[in-house]
Each structure stands twice: as C-alpha cells, then as structure tokens.
Amino acid sequence: MNLDLDYRPELGKKLDFGIGIVGAGGIVNAAHLPAYRKAGFNVVGLTDKDVDKANRTAREFEVPRVYPSVESLLDDPKVEIVDIAVPPWHQKELVRKATLAGKHLLCQKPLSNVYAEAVEIVEMAEASGVSLAVNQQMRWDQAIRASRNLLNLGLLGDPASAVIDVSILTEWRAWPWVLEAEGLDLMFHSIHYFDSMRSLFGQPERVWSSGASYPGHAATGETRTITVFEYSDTFRALVSVNHNNWTEECFATLRIDGTEGYAAGTFGLLYDYPHGRPDTLSYSSRKIDANKTINHRFEERWIPDSFIGPMGELMASIEQDRLPETNGRDNLKTLQLVNAAYLSMAEHRAVAPGEIG
C-alpha cells in the first residue's frame, strides 16, 4: 500500500485576486514570484525603495507594473491582497496603511520581532475587517505536510517523540539586517520549525531553550540553539539547530515516533541552500504493515513551491469567508513560543508560552 500523502496546498476556485508585492528582495525573486507564477496567481504589480531592483524583478517575472511608492500601490483598485516582504520592523506601518486602504494582507514572518507590536498588527487587521495571514510557509513544506497527514490518519498513533535536527552553514551576511539583531536563530530561522511543530502537534505546555553564539562570528545573536517542547508526560519534541557546521557533513532531518509507527524525512532545501533538492519522507505503520518501510521522494521543494500554500490559503479563506490557517491570532501563538524560548534562555528555566503577553 503506497498511501497518497496528500501534501499539496488546497486552492480555492478563485485564483485571480490581484496581488501587489511590497519588496523586491531575494526572497521575492527566489520564492514568492516563482511560486505565484507556477500556481497561476495574478500579480498586478510591485514596489520597492530601490527602483532599479524593482524594475529588474518586474522584467524578470513579467510583472505588469512597478509602483513608485507603497501609497500608489494601495491606491490601485486592482490590488486586493498586499504581499509584504520586508524586515519585520517595517511591517507595522505598512499594515496600518494597507488596512486603512481595505486591503487583505499576507505578512512576512516574523510578524514582528516585538510581541506587543505583533498584537497591535493583528488588532489593526481585525478592526478593519480585512484578512491577514502570515507567511509561515514551512507548514506547506512537503515533509511537514505529509507527516501531518499521517498523524491525522492515525497511522503513527499517539506521538511520543518528534525531532527536527539541523546542522548547516548559514552565511548570515546575505541578510545584513539580521547581523545586529539581538535574537537571531529563533526569531528569524527556527521560528519555521516552531510553527511547524505547532501545526503538527499544537501548542506545548512548556518550552526549555539554550542558545549560544559562535567564536568570532559576525552576528550578534545566537547561531546555535537547542529547544525542548514539553507536551505531556509521554511526549517531548526537540528542535536542535547549528548554523556553524563548516564540514561537508551537513544535515536537516525530521523524525516522528508514535505508538503505531514512525516518519523520518529530510528538508532538502538546506542541503544546498538556496538551490536545494526535494524533500524525502520514509514511514512505517503497524496499521499498514509493520515490516514495510515506504520511501517517498517529493517532486516539489520548500523553495519555491511551499510559498504557494500561504497565499493560496489566504485567497481560499477570503473566498470562503473564514480565517486562513496561518491567521494573525494563530501566529501570535507561534510568537509566544519563540519569546518563551528566549525567556527560557535568559532565565535558565522552563517557560509556559502563556507567560508571554
């Protein structure tokens, strides 16, 4: 039995919502626009402070219009959804302008690096009546989504252990604005893994985290972290991340062990970032055949394919008049988890997410 892993995004019927993108940086060129082109989404224009960069991006992806300013983008009635792709400290003001213009929003993650400001952003969107989703696209990574389906089908039984273990070399100079950030890995990288754990298992009761920088490293914040999520007396999850592995033995793995089976996979993107390779997932279940392991290599990649998920889900939620999966209120729980981990790191103790806020 080779199970349909059902990992691809579920799109709505209406795919031609007008999308206006704020930002024309690396992630827009590597992920947003390739994904939207593949999915057939309707990008009507973009804007960036660097006009030359905006024009190059528009030519590369045949985007019909480059707006001279955010205000001109928001004034265009063709723009129904604003896709924000800028550093988090610029996001609040852009959300304020977009909500006043009545535009729906896909916000970059982290929603804010300041929790109270993230709450303000969510409240602005709710007060204006627009839909806001956060671009936590790793929920649509192929290994994560397929594992979630195995869990939902009960094929792994009750979860007992889950581990995301990543040891890579990250060149943070590619994102110079994070080099001075006090918090680095958890807020700007491992937030993906925290949100993915939440999508698989929900919010843990407590979190314990330890982090360190690297001798002589250019970044201010932590580049190595170990975080334990306490779910119950019988279930623990671990996220272990090292950005300073200069050897050829890099890896990025996922393993879930349950009472009825296990799933083990790789996040292919991180083996040769940003080019990467497709994810893999192997699984076995007593409910299928305890003696058989099924191996799957996906066709898609985290970048760009998973970026179809948050935008497609936002469009479907607007069409169906419901909250998107990665809505602002849900994302506050992810930010609670990240900030609880930082508090744990500072105070050397287990912290309940509810202590944040």
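What about the side chain of N339?
Part 1: Tracing the chain through its elements places N339 in helix α10 (residues 328-347).
Part 2: The residues contacting N339, other than those within four sequence positions of it, are Y115, M187 and I356.

Notes on a nonpolar patch on the surface
Part 1: Taken together, the side chains of L169, Y214 and W246 define a hydrophobic patch exposed on the protein surface, amounting to about 380 Å² of accessible area.
Part 2: Position of L169 among the secondary structure elements: in the loop between β6 (159-167) and α7 (185-188).

What to know about the packing of aromatic side chains
Part 1: As enumerated under the stated definition, the model contains 12 aromatic pairs in all.
Part 2: Judged by centre distance (5.5 Å) and plane angle (80 degrees), the ring pair of W89 and W177 falls under edge-to-face. Of this pair, W89 sits in the loop between β3 (81-84) and α4 (91-100) while W177 sits in the loop between β6 and α7, and the two are 88 residues apart along the sequence.
Part 3: Ring centres of Y193 and F267 lie 6.4 Å apart, and the angle between their planes is 20 degrees; this geometry places the pair in the stacked category.

Quick notes on the pattern of salt bridges
Part 1: Applying the stated criterion across every chain, the model contains 23 salt bridges.
Part 2: Its salt-bridge partner being R349, residue E355 comes within 2.8 Å of it at the nearest N-O pair.
Part 3: Given the relative accessible area of 40%, E355 is considered partly exposed.
Part 4: Among the residues examined, R349 registers a relative accessible area of 29% and is labelled partly exposed.
Part 5: It is possible to trace a salt-bridge network through shared partners that takes in R139, R145, R148, D195, R198, E325 and D330.

Comments concerning unusual backbone geometry
Part 1: Here the bond from K109 into P110 is cis, since omega is -5 degrees, no more than 30 degrees from zero.
Part 2: For P110, the position within the fold is in the loop between β4 (104-107) and α5 (115-128).
Part 3: P304 follows I303 through a cis peptide bond whose omega is 10 degrees.
Part 4: By the secondary structure assignment, P304 is in the loop between β13 (294-297) and α9 (308-320).
Part 5: Of note in this structure, E62 is not a glycine but carries a positive phi near 55 degrees.
Part 6: Structurally, E62 is set in the loop between α2 (51-61) and α3 (70-75).
Part 7: E62 sits in the exposed class, given a relative accessible area of 70%.

Section: the sheet that holds β3
Across a sheet, paired strands are connected by hydrogen bonds in the backbone, their directions being either parallel or antiparallel.
Part 1: The sheet built from 5 strands is open, its strands ordered β2-β1-β3-β4-β5 with parallel pairing. Two strands close off the open sheet at either side, each with one partner strand: β2 (42-47) and β5 (132-134). If you compare each strand with its neighbour and ignore which way they point, the axes differ by 20 degrees on average.
Part 2: The pairing of strand β1 (residues 18-22) with β3 spans 4 bridges and is parallel. Bridge pairing in β3 links V22 to I84.
Part 3: Strands β1, β3 and β4 of the sheet are contacted by α4, whose axis makes an angle of about 165 degrees with β4.

What counts as what
Residues numbered from 1 in each chain as written. Predicted model: local features only at pLDDT ≥ 70, side-chain atom pairs only at ≥ 80, totals over all residues. Heavy atoms only, no water. Helix = DSSP H or I, 4+ residues; strand = E, 2+ residues; numbered from the N terminus. Contact = heavy atoms within 4.5 Å. Patch = residues over 30% accessible without salt bridge, like charges linked within 9 Å, V, L, I, M, F, W, Y side chains within 5 Å. Areas by Shrake-Rupley, 256 points an atom, 1.4 Å probe, with all protein chains shown as cover. Salt bridge = Lys/Arg side-chain N within 4 Å of Asp/Glu carboxyl O. Phe/Tyr/Trp six-rings, centres within 6.5 Å; stacked < 30°, edge-to-face > 60°. Buried < 20%, exposed > 50% of the residue type's maximum accessible area, 1.4 Å probe, protein only. Pairing = 2+ DSSP bridges. Axes fitted to C-alpha atoms, helices over the stretch in contact; angles between N-to-C directions.

Read these as spatial facts, not as claims about activity.
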